[in-house]
Protein chains: 2
Amino acid sequence: MIKAITSKDNPRVKFAYSLKDSKTRKENKMFLGETKKSMDMALEAGVLLEVFALEWLSLPDNIQQNLVSIDVLKKISNNVNPEVVFIAKDIDLKPTKMEKLVYLDHIQDPGNMGTIIRTALAFNYDAVILSKDCVSIYNEKVLNSSKGAIYKMPTFIDELIKYKKSHQIIVSTLGKDSEPFDSISLNRNFIIVLGNEAHGVNDEVLKLADKKVKIPVQNIDSLNVSVAAGILLNTYAKVK
Amino acid sequence: MIKAITSKDNPRVKFAYSLKDSKTRKENKMFLGETKKSMDMALEAGVLLEVFALEWLSLPDNIQQNLVSIDVLKKISNNVNPEVVFIAKDIDLKPTKMEKLVYLDHIQDPGNMGTIIRTALAFNYDAVILSKDCVSIYNEKVLNSSKGAIYKMPTFIDELIKYKKSHQIIVSTLGKDSEPFDSISLNRNFIIVLGNEAHGVNDEVLKLADKKVKIPVQNIDSLNVSVAAGILLNTYAKVK
């Protein structure tokens, strides 16, 4: 169904705009996305609900299409030159296994979040678990930097302590008592923990560690967390 | 020396503003930077020349300080809430060795550029060489994402073909004839080549390859180039 909208006060436009607020977003279990590429991935994942675009797009009949003026589109977009804005329902993927997991503690940069989820998918991890103070996976920059991985990799918020009995907890941390990352042995079920970009993992998380590991570096304090994640996830995916 | 400036037409302000233009920047062999942290790193590296700030900063006498109004600072800043803008002279580091090198072909994203330079420094590579169509290392986002590595890692523009005789050229590419990255043997002198975020390396570069390597991935087309760089640079730094 296609509707033409020229008023910023149109109820669908107002609803789309309201989803920029994280509380409203969560209550409705929907998120806003941008770009045709991202829209196509939402469609393929079966979560695309409604589209706001400047021209008619070839989409299934059950997707509500709103033809809008550029002024209307700019109101609901975060981009200077928007082409399309869409509403999708929250992604709800259930892990098929819970053997190889990644836990992100207070990751704040959306580019890092999306990149780590993309990396976890590439190395066939089973799920990415987030502390509740991580950036939302529905942040537009997370959606973009994940390159669609967000639609395929089960990602949810949970507490690390729940995995203490079932999984070997491996924490990436630069402390003096950390072992070189490539010298440890892994259990069948493990969870790799990565901490905040500036502050690392918090003390509560550190107490839960079965192994503390580090990637030896020279000349500089640390690696970017996405890069550290890439090295650890690649190495541990191949073990056993 | 400290000067108070309230006019956007002040010659020093106009000069700083002119450095936003890449041609002027190159002619003067100077660049603009922002944030106190970045300024401190430029100072430590001996390239800091002049500072524009809202308040007096504790800096050596040979650094020209300009106390400016917020309006003046905003004129020369890229940030909404600028604290300090500085002029520095181009970084000119000479490699002490040319054994382990990284070559970036048409890397466009400043975050990737800075992150790869930071990673190369962390794993003790000797230099990062750029194709002439890479993003400038003096882009503010490169300076930020490098976390100061730009001041320590020799980085310069050159042609890959010049290294054909002296170095083993290892190209990261997803073609069918690529070998798994961890199965190759390395010469004493080698150069790791990483390509554009969307298009990979160009054909001319591919023709120069002694080895083509890939990092096997599942479920998704490719890794982020910074992540791929991290895995390759870490692995090859340890070989031999």
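Basis of the calculations
- Residues numbered from 1 in each chain as written.
- Chains lettered and ligands numbered in written order.
- Predicted model: local features only at pLDDT ≥ 70, side-chain atom pairs only at ≥ 80, totals over all residues.
- Heavy atoms only, no water.
- Pairing = 2+ DSSP bridges.
- Helix = DSSP H or I, 4+ residues; strand = E, 2+ residues; numbered from the N terminus.
- Buried < 20%, exposed > 50% of the residue type's maximum accessible area, 1.4 Å probe, protein only.
- Contact = heavy atoms within 4.5 Å.
- Axes fitted to C-alpha atoms, helices over the stretch in contact; angles between N-to-C directions.
- Least-squares fit on C-alpha atoms with pLDDT ≥ 70 in both.
- Phe/Tyr/Trp six-rings, centres within 6.5 Å; stacked < 30°, edge-to-face > 60°.
- Lys NZ or Arg CZ within 6 Å of the ring centre and 35° of its normal.
- 1 Å grid on protein atoms, 1.4 Å probe; cavity = no way out; pocket = protein on both sides within 12 Å on 5 of 7 lines; lining within 4 Å.
- Points joined across faces, edges and corners; volume = space filled by probe spheres on them.
- Nonpolar A, V, L, I, M, F, W, Y, C, P; charged D, E, K, R; others polar.
- Buried area = accessible area lost by both parts, 1.4 Å probe.
- Salt bridge = Lys/Arg side-chain N within 4 Å of Asp/Glu carboxyl O.
- Polar contact = N/O pair within 3.5 Å; in protein donor to acceptor, adjacent residues only side chain to side chain.
- Core = buried A, V, L, I, M, F, W, Y, C linked by side-chain atoms within 4.5 Å.
- Expected span 1.5 Å × (residues − 1).

Q: Honestly, the pairing of strand β12 (residues 211-214) of chain A in this entry has me stumped. Any pointers?
A: Each regular strand carries side chains that alternate between the two faces of the sheet. All names here are of chain A. By the bridge criterion, 3 bridges tie strand β9 (residues 168-172) to β12 in an arrangement that is parallel. For V171, the partnering residue across the bridge sits in β12 and is K212. Strand direction decides the pairing type here: strand β10 (residues 179-180) and β12, joined by 2 bridges, are parallel. Bridged to P180 within β12 is K214.

Q: Help me understand the pairing of strand β11 (residues 190-194) of chain A in this model?
A: Residue and element names in this part refer to chain A. Burial within β11 is extensive, with 5 of its 5 residues counted as buried. In β11, alternate side chains face the same way, and those of F190, I192 and L194 on one face and I191 and V193 on the other are all buried. When strand β6 (residues 100-104) meets β11, the two strands line up parallel, connected through 5 bridges. Opposite L101, over in β11, you have I191 as the bridge partner. Pairing between β9 and β11: 4 bridges, direction parallel. Opposite I169, over in β11, you have I191 as the bridge partner.

Q: What am I meant to see in the sheet that holds strand β9 (residues 168-172) of chain B here?
A: Sheet strands pair by backbone hydrogen bonding; their relative direction is either parallel or antiparallel. Residues and elements named next belong to chain B. Strand order in the open sheet formed by 7 strands is β8-β7-β6-β11-β9-β12-β10, and the pairing between neighbours is parallel. Pairing within the sheet leaves two strands with one partner each, and these edge strands are β8 (155-157) and β10 (179-180). Lying on the sheet, helix α5 (residues 110-122) is in contact with β6 (100-104), β7 (127-130) and β8; it crosses β6 at an angle near 175 degrees. Contacting β6, β9, β11 (190-194) and β12 (211-214), helix α8 (residues 225-238) crosses the sheet at an angle of about 165 degrees to β11.

Q: Which parts of the structure should I look at to understand the relation of the copies chain A and chain B?
A: When chain A is fitted to chain B, the best match, at an RMSD of 0.0 Å, comes from turning it 180 degrees and sliding it 0.1 Å along the axis. Overall, the copies show the geometry of a two-fold rotation axis. A share of 100% of interface residues in chain A that are also interface residues in chain B marks the association as one of identical surfaces.

Q: Even after reading the chapter, I still don't get the packing of aromatic side chains, so can you show me in this structure?
A: Both the distance between ring centres and the angle between the ring planes are used here to describe each pair of aromatic rings. On inspection of all chains with the given rule, the structure shows 7 aromatic pairs over all chains. Judged by centre distance (6.4 Å) and plane angle (80 degrees), the ring pair of F190 of chain A and Y236 of chain A falls under edge-to-face. Here the residue F190 of chain A occupies a position in strand β11, and Y236 of chain A occupies one in helix α8 (residues 225-238), the gap between them amounting to 46 residues. Ring pairs connect the aromatic residues Y125, F190 and Y236 of chain A, which therefore count as one cluster. Sitting above the plane of the Y17 of chain B ring, K75 of chain B keeps its charged end 4.5 Å from the centroid. The residue whose ring lies beneath K100 of chain B is Y125 of chain B, and the NZ or CZ to ring-centre distance is 5.1 Å.

Q: When you look at empty space enclosed by the protein in this model, what are you seeing that I'm missing?
A: Unoccupied space between atoms shows up once a probe the size of one water molecule is rolled over them. Residues and elements named next belong to chain A. Here the structure, examined in full by the defined rule, presents 1 cavity of 30 Å³ or more. Considered as a void within the structure, the largest cavity measures approximately 40 Å³ in volume. As for the largest cavity, its lining consists of I91, L93, I137, I150, M153, P154 and T155. Among the residues forming the lining of the largest cavity, the class breakdown is 6 nonpolar, 1 polar and no charged.

Q: Hey, could you run me through the sheet that holds β9 of chain A in this one?
A: All names here are of chain A. The 7 strands lie next to each other as β8-β7-β6-β11-β9-β12-β10, forming an open sheet whose pairing is parallel. The open sheet has two free edges, formed respectively by β8 (155-157) and β10, since each of these has just one partner strand. Where helix α5 (residues 110-122) meets the sheet, it contacts β6, β7 (127-130) and β8, and its direction lies at approximately 175 degrees from that of β6. Against the sheet, α8 contacts β6, β9, β11 and β12, and its axis sits at roughly 165 degrees relative to β11.

Q: Any chance you could explain the interface of chain A and chain B here in plain terms?
A: It is common to give the size of an interface as the accessible area that goes away when the parts come together. Listed per partner, the contact involves 28 residues of chain A and 28 residues of chain B. Where chain A abuts chain B, roughly 2200 Å² becomes buried across the two surfaces, and 55% of that area is made up of carbon and sulfur atoms. Looking at the side of chain A facing chain B, the largest losses of area belong to R118, N219 and I220 of chain A, adding up to 25% of the total buried there. K238 of chain B is the partner of D182 of chain A in a salt bridge, and the nearest nitrogen-oxygen pair spans 3.1 Å. Taken together, chain A and chain B are joined by 14 residue pairs in polar contact (both at pLDDT 80 or more).

Q: Got a minute to help me understand the side chain of S222 of chain B in this structure?
A: The topology assignment puts S222 of chain B in the loop between β12 and α8. Within the structure, the side chain of S222 of chain B is placed 3.1 Å from the side chain of R118 of chain A, a separation counted as a polar contact.

Q: I would appreciate a short explanation of the side chain of R25 of chain A in the present structure.
A: Residue and element names in this part refer to chain A. Here R25 lies in helix α2 (residues 22-28). On the basis of relative accessibility, which here comes to 11%, the residue R25 falls in the buried class. If we skip the residues at most four places from it in the chain, R25 touches L19, M30, F31, D90, S136 and Y138.

Q: How should I be thinking about the environment of Q108 of chain B in this particular structure?
A: Residue and element names in this part refer to chain B. Relative to the elements of secondary structure, Q108 occurs in the loop between β6 and α5. Once the C-alpha coordinates of Q108 and E197 are considered, the two residues, 89 residues apart in sequence, prove to be 7.3 Å apart. Filtering out sequence-adjacent residues up to four positions away, Q108 remains in contact with D133, C134, V135, N196 and E197. Here D133 takes part through its backbone oxygen, which lies 2.7 Å from a polar atom of the side chain of Q108.

Q: Teacher, can you tell me more about the nonpolar core here?
A: A general tendency of soluble globular proteins is for nonpolar side chains to be buried together. Y236 of chain A together with Y236 of chain B are the most contacted members of the largest nonpolar core, which has 112 residues in total. Here Y236 of chain A is in contact with Y125, I170, F181, I184, L186, F190, I192 and V213 of chain A, once residues within four sequence places are set aside.

Q: Any chance you could explain α8 of chain A here in plain terms?
A: Working note: α-helix, 3.6 residues per turn, so residues spaced by three or four point in the same direction. All names here are of chain A. The first and last C-alpha atoms of α8 sit 20 Å apart over 14 residues, in line with the 20 Å expected at 1.5 Å per residue. The buried count for α8 comes to 11 of 14 residues, which makes it a mostly enclosed element. Within α8, the full set of buried residues consists of V225, S226, V227, A228, A229, G230, I231, L232, L233, N234 and Y236. For α8, the side-chain oxygen to backbone nitrogen distance between the N-cap and S226 is 2.7 Å, and the N-cap itself is N224.

The values reported here are purely geometric and, on their own, carry no functional implication.
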